[in-house]
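# Summary of the model geometry
Chain residues, written in single-letter form:
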Amino acid sequence: MRSATFNYRQGMVINESAPPSSTEAKAAYVDHGTGVIPTERYRSKEMQALEWERMWTKVWTLAGFVSDIPKVGDYFKYDLGRESFIVVRSKPDKIQAFYNVCPHRGNQLLTADFGTISGSIRCSFHGWQFGLDGRNVAVRDRELFRPECLADPANLRLTEVACDTWNGLVFVSMNPRPEPLLQYLGVVPEHLKSFRIDLMRPYSDTLAWLDANWKLNMEAFLEFYHAWDVHPETIPFIDSYRVQYDCYDKGVSRMLMPYGYASHKLEDPQKINAGLEYMLRAFGGNPDDYKHLTGTTYRPAIIEVKRKFAQRNGLKDWDNLSDNQLIDDWNYYIFPNTTLNVFADVCYVQRWRPHPTDPEKSSYSAISLNRPVPQDKNFQLTDLAGLSPDFLGPVGWDGSVRPQRLYPRELKEFGFVLEQDARLVSQVQKGASSRSFKGYILSEQEVRIRHYLAELDRYLRIEK
Amino acid sequence: MEAVPPGSVLRITVNRTDILLCNVGTDGVFAIRNRCSHMNKPLHAGRVIGCKISCPEHGAEFDIRSGDALSFPAVRPLKTYPVQIENGVIYVCITPEAVPAVRNPWLKPWEGE
């Protein structure tokens, strides 16, 4: 029975018996106080410029996936604010990233989201050519240039940016001397080491421009306090009240969302509802085997079914996942703009990026990375974007065909769950700009908002 | 059809014309001339993502289904050819202006390279 009190220093804990050193352990409470958060920063041009100069140009951001550039010459384009980057596999074991700019007259070299270069990168303006390592290999009719103009090869090559990978994810940084990526990621590599994100492949890829500042847009996704009102369909099988929120160093934070519980907010939480049975069937379980359980004790059944699923399909790495990792959503936030919703079989990657010029617009990118299990002739993958009405994708998907990135213009093209959030954020951007609005009043379930803003303020060198 | 799995292309020569058969998945199989409309370079080494192919020379993108140029430096569309699939066999119709006229424009099935 839920009590009406809440010990905020203790918070919600999913696994109370987890040893203090385990990745499930509740993190120590980080006290960011109770102050109201004013909203000038979500529309101010000065703040946008400050964020660019002191933060975006200094941090690591998630650019794409190793699996999208399998062969030498493969590249993907990554855009951030006003800048565009080419991330290319320059050698069998090397990935490099460059500003997507020709040093001659500033043409954008490549415009496709994904492509393959044969030989060299050729500028479509005057035919200058660059090796995959960025070196200039040809200036058309170079005798036409006075020698001084072409004297220094450093001026004729592509400008490189730092590029590194972790668990199949590719990060880039405009910082000329960034700290090592693994250090920047804080606890994330350690906590997620048992999840083989590198074995997952993109199933869906959507990018939408929304009328909200990137931060305000993102904040809707850092908490699940809104589940009851924005995503009521999830209430039957996710207990949003019992989400565990933890804050860590480097601005990293997480929410562990327990799946497979009937929420106590339901009229009859003891009843095994259709949502729970549905989760069971998704991994080949038979609800008839578990009719003796109740809605609030159903979780072990789903865990058992998932373990059997892993065994019969040879997913040996799932043995490294704890029971809670096997069933729950481990939602991790990487500063400044990325969340990874990590499940055993899916990693749903979300990123929010500033518009090149307008602080009240931002892009929202949602990519579902799924573990291919084509050997299971009955398995339908989990489609978290809700592109299909029952959250299930096709049978036999093997991840070998990379889907193209979709750019929905109409809200109905977003997919059900995304549409809910998309409609919401543009409303909030408007309301939060009201002269009457003094600022956010935050619950302890919204602590991740305070936490990333504190890290952002450190970059911006804003003193409290 | 087994020769062109979804997401892949198959380069074939039909009546001295260099053609690319492209399987874009649920939208089906399409045939385009294996030459970029920008500088006439071959496209077969380019990347197919969804229903788009990008030229490996300058990165111009095309919609395989219609031949439309989607990005600079391509401006003109690709030459496309009608495709029919019957019993798992792909038939391509090569239009007469490129090659000598034949009485039956629907050619024999391609036996594979």
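Residues numbered from 1 in each chain as written. Chains lettered and ligands numbered in written order. Predicted model: local features only at pLDDT ≥ 70, side-chain atom pairs only at ≥ 80, totals over all residues. Heavy atoms only, no water.

Let's shift gears to the overall build of chain A. The secondary structure content of chain A amounts to 11 helices and 19 strands. The globule rule puts the C-alpha radius of gyration for 464 residues at 23 Å, and the 24 Å found for chain A is close to it. With the C-alpha coordinates of chain A rotated into their principal frame, the extents come out at 85 × 55 × 45 Å. Out of the 464 residues in chain A, the part that is buried amounts to 58%. A fraction of 65% describes how many contacts in chain A between residues 6 or more apart in sequence connect residues 24 or more apart. With an accessible surface of roughly 20,700 Å², chain A has 52% of that area assigned to carbon and sulfur atoms. A distance of 4 Å separates the average location of the 57 positive side-chain charges in chain A from that of its 59 negative side-chain charges. (Helix = DSSP H or I, 4+ residues; strand = E, 2+ residues; numbered from the N terminus. Rg over C-alpha atoms; globule rule 2.2 N^0.38 Å. Buried < 20%, exposed > 50% of the residue type's maximum accessible area, 1.4 Å probe, protein only. Contact = heavy atoms within 4.5 Å. Areas by Shrake-Rupley, 256 points an atom, 1.4 Å probe, with all protein chains shown as cover. Lys, Arg positive; Asp, Glu negative; His and termini not counted. Charge placed at Lys NZ, Arg CZ, Asp CG, Glu CD.)

Opposite charge on two side chains allows them to pair when their charged atoms are near. Residue and element names in this part refer to chain A. For the coordinates displayed, the defined rule picks out 34 salt bridges over all chains. With its nearest N and O atoms 3.6 Å apart, the salt bridge here joins K308 to E304. Within this pair, K308 and its partner E304 are both found in helix 8 (residues 299–312), separated by four residues, close to a single helical turn. K306 is the salt-bridge partner of D345, the closest N and O atoms lying 3.8 Å from each other. Here D345 is found in the loop between strand 15 (338–342) and strand 16 (346–354), whereas its partner K306 is found in helix 8, with 39 residues between them in sequence. Neither D345 nor K306 differs from the other in exposure class; each is buried. (Salt bridge = Lys/Arg side-chain N within 4 Å of Asp/Glu carboxyl O.)

Here the idea is plain: a probe the size of a water molecule rolls over the atoms and shows the empty space left. Considered as a void within the structure, the largest pocket measures approximately 790 Å³ in volume. Lining of the largest pocket is provided by 30 residues; of these, Y203(A), V401(A), P403(A), V24(B) and T26(B) occupy positions nearest its centre. Counting only elements with at least two residues in the lining of the largest pocket, the list comes to strand 11 (201–210) and strand 19 (392–395) of chain A. A total of four residues in the lining of the largest pocket trace back to one element, the largest contributor, which is strand 11 of chain A. Partitioned by chemical class, the residues of the lining of the largest pocket number 13 nonpolar, 11 polar and six charged. There is about 550 Å³ of room inside the second largest pocket. In this structure, the second largest pocket is lined by 30 residues; those nearest its centre are K77(A), D113(A), L207(A), R405(A) and Y407(A). Contributing elements (two or more residues each) for the lining of the second largest pocket: strand 1 (60–65), strand 2 (74–80), strand 11, strand 16 and strand 17 (362–370) of chain A. (1 Å grid on protein atoms, 1.4 Å probe; cavity = no way out; pocket = protein on both sides within 12 Å on 5 of 7 lines; lining within 4 Å. Points joined across faces, edges and corners; volume = space filled by probe spheres on them. Nonpolar A, V, L, I, M, F, W, Y, C, P; charged D, E, K, R; others polar.)

In this assembly, 22 residues from chain A lie in contact with 18 residues from chain B. Between chain A and chain B lies a buried interface of about 1,500 Å² when both sides are counted; carbon and sulfur atoms form 48% of it. Ranking the residues of chain A by area buried against chain B places R122(A), S124(A) and Q404(A) at the top, with a combined share of 34%. In this assembly, chain A and chain B are joined by one salt bridge. Put simply, E57(B) and R122(A) hold a salt bridge, and the shortest N to O gap is 3.2 Å. Where chain A touches chain B, the interface holds six residue pairs in polar contact (both at pLDDT 80 or more). The set of elements that each furnish at least two residues to the side of chain A that touches chain B consists of strand 2 and strand 5 (114–116) of chain A. Top element by residues in the side of chain A that touches chain B is strand 5 of chain A. It accounts for three residues. When its residues are assigned to classes, the side of chain A that touches chain B shows 10 nonpolar, seven polar and five charged. (Buried area = accessible area lost by both parts, 1.4 Å probe. Polar contact = N/O pair within 3.5 Å; in protein donor to acceptor, adjacent residues only side chain to side chain.)

Residue and element names in this part refer to chain B. Spatially, the four strands line up as an open sheet ordered 1-2-3-7, and their pairing is antiparallel. Every interior strand has two partners, whereas the edge strands, strand 1 (9–14) and strand 7 (80–81), have only one. Where strand 1 and strand 2 (residues 17–23) come together, six bridges link them in antiparallel fashion. The residue bridging V9 from the neighbouring strand is C22, located in strand 2. (Pairing = 2+ DSSP bridges.)

Here the focus is the pairing of strand 12 (residues 244–247) of chain A. Residues and elements named next belong to chain A. Neither face of strand 12 is left uncovered, since the one carrying Q244 and D246 and the one carrying Y245 and C247 both have all their residues buried. Sheet analysis places strand 12 next to strand 13 (residues 253–257), joined by four bridges and oriented antiparallel. Pairing of C247 across the sheet is with S253, part of strand 13.

Moving on to the side chain of E51(A). Residues and elements named next belong to chain A. Considering the arrangement of structural elements, one finds E51 in helix 1 (residues 45–56). E51 sits in the buried class, given a relative accessible area of 2%. Dropping the residues within four chain positions of it, E51 is found in contact with W56, W214, K215, L456 and L460.

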